[in-house]
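Report on the structure
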Amino acid sequence: MPPKKNLKMKNKFESNSSGLPESSEKKSGYEISGESIERALTSPDFEKVLRKTLAQVIKHRREFGFLIGKEMTADKFHYSKPIGDLEESSTALPGAYEEMEANLESRGLDREDWIELGDFHFHGYESLESRVIYLSSGDIGYTSSARKANRGYNNFDIPSIGMIANAVSSTGVEALVYQEPLAYSPSDKPAIFEEIKETLMELRATNASQEEVLEALRHYGYQAGMVHFSDGKLSEEDKKFIRSLGMVAKKTPIDTRDLL
Ligand SMILES: [Zn+2]
């Protein structure tokens, strides 16, 4: 079981929002505020891509998803087009990444100029799938690889936010939102990462409850919660949880900087 360092760190940063001088640790980090993350998930562009993606899910009865990028030096967000996959039960997020990367490059933004803030994909439509949202090994693997890309390109250890959704009506969406511990990436510790993957598979195999899935993620230091969207709009009561995902990411340690 990993240390619960992230909780202590989070509290430390939260207690520093009172106008007191920032610690040097905070200054050397890269801050993405909770309000910034809230803006990324409530912008008109986000609502539009979510509505489009949901329409595809309902029309084709299969997975679709998209990615969210944030410019390094501005609170500007970019969204990939909705993407499916050759297989019905997966989403080609790396394809969405390539599409977004090429699109931003054509607008003069190199990969160093933006970070991967999050990924959003549907696991299905309520009438066809289990109501409970389970994570696959590929899901937590993708989130880890996005963080690795942020480490390598942007030089800060920025955990991206994973969102897995279930369409509950033609306009209603519920989503499981998760984020790796700020202090470390589980994928840096292969034994722990394997244990997490096995736990998630076991939960799916035993038809565990949604709360058990969230508890398992939290046990390993992930932030995890459920949010709801109606016609592309995040519900008011879920905005508080989204804001709690604000972070100050540390500079990428040399030993975890991946070769690109
Ligand atoms: Zn998935």
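Notes on the pairing of strand S5 (residues 161-167)
Most of S5 sits out of view: seven of its seven residues are buried. Side chains of S5 alternate between two faces, with Ile161, Met163, Ala165 and Ala167 and Gly162, Ile164 and Asn166 buried alike. Note that strand S4 (residues 114-125) and S5 share seven bridges and pair parallel. In the strand pairing of S5, glycine 118 is matched with isoleucine 161. Pairing between S5 and strand S6 (residues 172-179): seven bridges, direction antiparallel.

A closer look at helix H4 (residues 44-60)
Between its terminal C-alpha atoms H4 stretches 24 Å, which fits the 24 Å expected from 17 residues at 1.5 Å a residue. Within the span of H4, buried status applies to Phe46, Val49, Leu50, Thr53, Leu54 and Val57. Projected onto a plane normal to the axis of H4, the buried residues spread over an arc of 135° and lie on a single side. H4 presents Pro44, Asp45, Lys48 and Lys59 as exposed residues on the side facing more than 90 degrees away from its buried surface. Residue arginine 61 follows H4 closely and has a positive phi angle near 55°.

Reading the values: the criteria
- Residues numbered from 1 in each chain as written.
- Predicted model: local features only at pLDDT ≥ 70, side-chain atom pairs only at ≥ 80, totals over all residues.
- Buried ≥ 20, exposed ≤ 12 C-beta atoms within 10 Å, placed from the backbone.
- Helix = DSSP H or I, 4+ residues; strand = E, 2+ residues; numbered from the N terminus.
- Pairing = 2+ DSSP bridges.
- Expected span 1.5 Å × (residues − 1).
- Arc of directions from axis to C-beta.

Interpretation in functional terms is not warranted from these geometric data alone.
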